[in-house]
Amino acid sequence: MGVDHANTAVAHGIGDGRTTTHDEHPRSTDGSAGDADYGAIGGGYIDYRQPDPHLAAAIRSALGDARTLLNVGAGAGSYEPRNLDVTAVEPSASMRAQRPAVLVEAIDATAEDLPFADGAFDASMATFTVHQWSDLAGGLRELRRVTTGPVVILTCDPELLDRSWITEYAPEVIATEARRYPAPRDIARLLGGDVEVRSLPIPLDCTDGFSEAYFGRPEALLDPGARLANSAWSFVDQAVQDRFERDLRADLASGAWDAAHGGLRALPEFEGSLCLIIGRPEEAATDASS
């Protein structure tokens, strides 16, 4: 069930005298604040991007004993724990509209300009979103400002994206992703404090349809909707997509894909580019070690 935005604002310090600067970060008609316009590509997102329980468990563990949680770039609400007091921020109207009714309504705001008081939340999270931010340093600074405990970020390491077989069929997509994703070491440096970077193995039956989730199910990526649910595909020419479909379909039919990559179909987990970054403030790290 949704919550009243005015009540949420009061509870977490909106209207506390801070000056907002939304105009500094141009947004699309839909409100999308990054390089992808989810008003154009996000209509069927929720059909393909369902939270995976393995990844959800890792995120929930990283949040520790937090009771209040801020989800920035919240999208359709994947990975929001149901047992916490969640406040969600999402600039895209299309994505806000896809949030299930059981989740809180998302506030229209951006990572770089969070309308909350200092230290308003026990923890914060950002999943598959930092590569969309127009000002990474500013967004991470805001997350740390409003959070007293862990900042948990689910993202991809651009240096490991070419582990995927997709690079053989659509290297343009991998190159696009590699340009967009910030390196985990840069995120760690900008967050400051005590930062841990964990590699997250991707389960074979992963229900969150980012491209690497189909490592052992190549047929799924023949569906244009599955590709569109991954914003990198929206940045390549249609000719690239047509070639990808043609070549992959032919190699699946001939057995060439399975000859090269068939072992992936039975691999329980794939060590790809997915990683979890957990940043704790200095005082929390000191307390934990004492």
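It should be noted that the structure appears before, not after, this text.
In this text the structure is predicted, and so the values were computed from the model without any measurement.

Mind showing me how you'd approach the overall build of the chain here?
Each helix and strand counted, the chain has 13 helices and 9 strands in total. Considering the chain as a whole, with its 290 residues, one finds that 52% of them fall into the buried category. Long-range contacts, defined here as pairs at least 24 residues apart, represent 74% of the contacts in the chain between residues at least 6 apart. Accessible area for the chain stands at about 12400 Å²; split by element, carbon and sulfur atoms hold 51% of it.

What is the right way to read the pairing of strand β2 (residues 85-89) from this model?
In regular strands, side chains alternate between the two faces of the sheet. In terms of residue burial, β2 counts as a mostly covered element, since 4 of its 5 residues are buried. Note that strand β1 (residues 68-72) and β2 share 5 bridges and pair parallel. Bridge pairing in β2 places Asn-71 opposite Ala-88.

Honestly, the pattern of salt bridges in this entry has me stumped. Any pointers?
Where charged atoms from two side chains of opposite charge come close, those side chains can pair. Under the counting rule described, the total for this entry stands at 17 salt bridges. The partner of Asp-208 in a salt bridge is Arg-49, with the nearest N and O atoms 2.5 Å apart. Pair noted here: Asp-208 is in the loop between β7 (202-203) and α10 (224-228) and Arg-49 is in the loop between α3 (45-48) and α4 (53-62), with a separation of 159 residues, a long-range link. A single burial state applies to Asp-208 and to Arg-49, both of which are buried. Note that Asp-118 and Arg-145 form a salt bridge whose closest N and O atoms lie 2.6 Å from each other. Separated by 27 residues along the polypeptide, Asp-118 in the loop between β3 (106-107) and β4 (123-127) and Arg-145 in helix α6 (residues 136-146) bring together distant segments of the chain. For Asp-118, a relative accessible area of 57% puts it in the exposed group. Through salt bridges with shared partners, one network takes in Asp-194, Glu-196, Arg-198 and Arg-280.

Looking at this structure, I do not really get the nonpolar core. What am I missing?
Generally speaking, a soluble globular protein has its nonpolar side chains buried in company with each other. Trp-165, Phe-244, Leu-274 and Leu-276 are the most contacted members of the largest nonpolar core, which has 51 residues in total. Elements with a minimum of two residues in this core: α4, β2, β4, β5 (151-156), α7 (166-169), α8 (171-180), α11 (238-254) and β9 (274-280). Beyond its immediate stretch of four places on either side in the chain, Phe-244 contacts Trp-165, Ile-166, Tyr-169, Ala-170, Leu-221, Arg-227 and Trp-233. Residues Ala-111, Phe-116, Phe-121 and Cys-275 belong to the second largest nonpolar core, which totals 22 residues.

So what exactly am I meant to see when it comes to the environment of Ala-74 here?
Checked against the element boundaries, Ala-74 lands in the loop between β1 and β2. Separated by 22 residues in sequence, Ala-74 and Arg-96 place their C-alpha atoms 8.3 Å apart. Those residues in contact with Ala-74 that sit more than four places away from it in its chain are Glu-80, Ala-88, Val-89, Glu-90 and Arg-99.

Could you clarify how one ought to interpret the packing of aromatic side chains in this entry?
Each aromatic ring pair is specified by the distance between its two centres and by the angle formed by the two planes. The final tally for this structure, using the stated rule, is 8 aromatic pairs. Measuring from ring centre to ring centre gives 5.8 Å for Trp-165 and Tyr-169, while their planes differ by 85°; the resulting arrangement is edge-to-face. Between Trp-233 and Phe-244, the aromatic rings sit 4.9 Å apart at their centres with planes inclined by 65°, giving edge-to-face as the arrangement. Residue Trp-233 is located in the loop between α10 and α11, and its partner Phe-244 is located in helix α11; the two are separated by 11 residues in the primary sequence.

Please clarify how the sheet that holds β5 should be interpreted in this entry.
Paired through backbone hydrogen bonds, the strands of a sheet run either parallel or antiparallel to each other. If you walk across this open sheet you meet the 7 strands as β3-β2-β1-β4-β5-β9-β6, and the pairing is mixed. Since the sheet does not close on itself, it has two edges, and those belong to β3 and β6 (194-199), each with one partner.

What exactly am I supposed to notice about α11 here?
Think of an α-helix as 3.6 residues a turn; residues three or four steps apart then line up on the same face. For α11, built from 17 residues, the straight-helix expectation of 24 Å at 1.5 Å per residue is met to within 8% by its first-to-last C-alpha distance of 24 Å. Every buried residue belonging to α11 is among Val-240, Gln-241, Phe-244, Glu-245, Leu-248 and Leu-252, and all of these are buried. Seen along its axis, α11 keeps its buried residues to an arc of 130°; they face one direction. Among the exposed residues of α11, those oriented more than 90 degrees off its buried face are Ala-239, Arg-246, Ala-253 and Ser-254.

The rules behind the values
Residues numbered from 1 in each chain as written. Predicted model: local features only at pLDDT ≥ 70, side-chain atom pairs only at ≥ 80, totals over all residues. Heavy atoms only, no water. Helix = DSSP H or I, 4+ residues; strand = E, 2+ residues; numbered from the N terminus. Buried < 20%, exposed > 50% of the residue type's maximum accessible area, 1.4 Å probe, protein only. Contact = heavy atoms within 4.5 Å. Areas by Shrake-Rupley, 256 points an atom, 1.4 Å probe, with all protein chains shown as cover. Pairing = 2+ DSSP bridges. Salt bridge = Lys/Arg side-chain N within 4 Å of Asp/Glu carboxyl O. Core = buried A, V, L, I, M, F, W, Y, C linked by side-chain atoms within 4.5 Å. Phe/Tyr/Trp six-rings, centres within 6.5 Å; stacked < 30°, edge-to-face > 60°. Expected span 1.5 Å × (residues − 1). Arc of directions from axis to C-beta.

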